[in-house]
Amino acid sequence: MERDVTVAICMWNAEKTIEGTLQCLLEQTMQDFDLLIVDDCSTDGSVECVERFFAKHPRQYEVVRQPENQGIAYERNFALHKARTRYMVFVDSDDLPKPQFLEKQYSAIVSDETLIGVGSWSQFINNKGEEIRGGLFIGDTTKEEFRKRAEAGKRIFLPIQTLFVREDAIRVGGFRLDGFPEGKPRYRDFCEDLDLWTRMSDLYAEGKHIIVLPEVLYLYRKTDGLSSNHFNMIIKMEYVKVNVRRRRKGLPELTFIEYYDSLKPEELARLRKDSCAADCLRNGVFYVRDGKLLRGLRLIAKSVWNNPTYIFDKLMANSGIVKRK
């Protein structure tokens, strides 16, 4: 039977969580989808877990085992081109979609031919799968909001569980793999979805839109602990911003290598301060939760000193105070 939607899971060493994710997909109120699982050369029993699960709960699925580890951008791009359906959505191998997740996003996207993407809000869960404070309350909830953001050359922040028109994603280049330096860090894997959504926003010029349903339909596993690695993510976000503004001006895009080499010392210093703000805020919140109040408050204060707006941006995106009804 020919289906309209592919649900793709790109997994790596997910044997502890993949069964819970698959169980949530089995409980979807809409079951008319292809399931594609791409294993990025796991060294644990991830694939065997998948096979045991579907031996007990038969349904259509396909597993592709990659011969070497290539990273999330490569695997998502592989899945994007391997799928054959009109629509596609990625689900992470440690997350838990709610039962109506797929049905509601699919119903929305097929109801309006101008929509090329429909996402939804997420609630954070911990390593035990328990709901915790916060989530991902990002994305424009109306076509008008999206158009204004796209016209202004803004980055388009969306959750990964956004159902989208596959051919439109391919048309704008898919997940970007070229133009990055060799070796680690693997910059193509940072904010790879932000890069794709922002390039898809170029299609606003054709009357196309991407929206988010203001409803929690997805449980996103939030790993806790200390962090010192926001710099790679932040510099990739800046790269996305530079390129969308260049495209709006009719200028050619820069490769990541060209962008990085063009940065002046003061620009790198600013990005490092932004990275410090992000690391300090995350670590400060971790220490406060751990009962180390003084240490945590000092780090939060350091975050504000490095970038006074960062904590506000995080509250807007993750607290639910502003957008949650």
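For the structure itself, look to the data block above.
About the criteria used
- Residues numbered from 1 in each chain as written.
- Predicted model: local features only at pLDDT ≥ 70, side-chain atom pairs only at ≥ 80, totals over all residues.
- Heavy atoms only, no water.
- Phe/Tyr/Trp six-rings, centres within 6.5 Å; stacked < 30°, edge-to-face > 60°.
- Helix = DSSP H or I, 4+ residues; strand = E, 2+ residues; numbered from the N terminus.
- Buried < 20%, exposed > 50% of the residue type's maximum accessible area, 1.4 Å probe, protein only.
- Lys NZ or Arg CZ within 6 Å of the ring centre and 35° of its normal.
- Core = buried A, V, L, I, M, F, W, Y, C linked by side-chain atoms within 4.5 Å.
- Contact = heavy atoms within 4.5 Å.
- Pairing = 2+ DSSP bridges.
- Right-handed = clockwise from strand over helix to strand, strands pointing away.

Novice: Mind showing me how you'd approach the packing of aromatic side chains here?
Specialist: Each aromatic ring pair is summarised here by two numbers: the centre-to-centre distance and the angle between the ring planes. In the structure shown here, the tally under the stated rule is 18 aromatic pairs. For the pair tyrosine 87 and tyrosine 106, a centre-to-centre distance of 5.9 Å together with 85 degrees between the ring planes defines the contact as edge-to-face. Residue tyrosine 87 is located in strand β4 (residues 87-90), and its partner tyrosine 106 is located in helix α4 (residues 101-110); the two are separated by 19 residues in the primary sequence. Between phenylalanine 101 and tyrosine 218 the ring centres are 5.7 Å apart and the planes differ by 55 degrees, which places this aromatic pair in the tilted class. You can see phenylalanine 101 sitting in helix α4 and its partner tyrosine 218 sitting in strand β9 (residues 209-221), a full 117 residues away along the chain. Summarising the burial analysis for this pair, phenylalanine 101 and tyrosine 218 share the class buried. Through successive ring pairs, a cluster of aromatic residues spans Phe180, Tyr187, Phe190, Tyr239, Phe256, Tyr259 and Tyr260. Over the aromatic face of phenylalanine 33 sits the side chain of arginine 59, whose NZ or CZ is 4.3 Å from the ring centroid. A cation over a ring is seen here: lysine 273 above tryptophan 305, with NZ or CZ 4.8 Å from the ring centre.

Novice: What is the right way to look at the nonpolar core in this model?
Specialist: Note that soluble globular proteins tend to have their nonpolar side chains buried in a common cluster. Val7, Ile9, Leu22, Leu35, Phe90 and Met200 are the most contacted members of the largest nonpolar core, which totals 62 residues. In terms of residue count, the dominant contributor to this core is β9 (seven residues). Once you skip the residues sitting within four places of it in the chain, leucine 35 turns out to touch Val7, Ile9, Leu22, Leu25, Phe54, Arg59, Gln60, Tyr61 and Glu62. If you look at the next biggest cluster of nonpolar residues, it comprises 17 residues, including Tyr187, Leu254, Tyr259 and Ile300.

Novice: When you look at the pairing of strand β1 (residues 5-11) in this model, what are you seeing that I'm missing?
Specialist: For a regular strand, side chains alternate in direction, first toward one face of the sheet and then toward the other. Counting buried residues in β1 gives seven out of seven residues, a clear majority hidden from the surface. Side chains Val5, Val7, Ile9 and Met11 project from β1 onto one buried face, and the interleaved Thr6, Ala8 and Cys10 project onto a second face that is buried too. Across four bridges, β1 lies against β4 in parallel orientation. Along β4, the bridge assignment pairs valine 5 with tyrosine 87. Here six bridges tie β1 to strand β2 (residues 34-39), and the two strands are oriented parallel to one another. Bridge assignment links isoleucine 9 to a residue of β2, and that residue is isoleucine 37. The parallel pair β1 and β2, bridged by helix α1 (residues 18-26), forms a crossover whose chirality is right-handed.

Functional significance is not addressed by these values, which are geometric in nature.
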